[in-house]
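Read off the chains here:
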Amino acid sequence: MKTNNLLNKLNKLRKIKIGGLVYNIEYTELEESLGRTEYPKQLIQIDNRQTKEQQEVTLIHEIIHCLNNQRSELETEALAQSLYQIIKDNNF
Ligand SMILES: [Zn+2]
């Protein structure tokens, strides 16, 4: 399988700047969701018990929430999966 540069970078990322704010990215065990963002703490948490691929989709999902947290869960998830597919299909 061809290594995907962008997804490799995404996996190693522990801080991300979104809209001028730096969010910390933490991999941990979560109880109620696969991922969550604490906006006041600028903290993105990803459940580390998911597969690597699912963690990647979840991180993209949380990044989309940070861009605009007015979107619905369904819309956010649809965007995350579409974006993930494009990244994979084009070996970004
Ligand atoms: Zn969400």
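Residues numbered from 1 in each chain as written. Predicted model: local features only at pLDDT ≥ 70, side-chain atom pairs only at ≥ 80, totals over all residues. Heavy atoms only, no water.

K.L.:
Can you walk me through helix α1 (residues 5–12) in this structure?
P.N.:
Since the α-helix packs 3.6 residues into each turn, any two residues three or four apart lie on the same face. Those residues of α1 that fall on the buried side of the exposure criterion are Leu7, Leu10 and Asn11. The arc enclosing the buried residues of α1, seen along the axis, measures out at 100 degrees, which places them on a common side. Turned more than 90 degrees away from the buried face of α1 sit Asn5, Lys9 and Lys12, all of them exposed. Against β2 (21–28), α2 (52–67) and α3 (73–89) lie the buried residues of α1. One side-chain oxygen of the residue at the start of α1 lies 3.2 Å from the amide nitrogen of Leu6, identifying that residue as Asn4. (Buried < 20%, exposed > 50% of the residue type's maximum accessible area, 1.4 Å probe, protein only. Helix = DSSP H or I, 4+ residues; strand = E, 2+ residues; numbered from the N terminus. Arc of directions from axis to C-beta. Contact = heavy atoms within 4.5 Å. Polar contact = N/O pair within 3.5 Å; in protein donor to acceptor, adjacent residues only side chain to side chain.)

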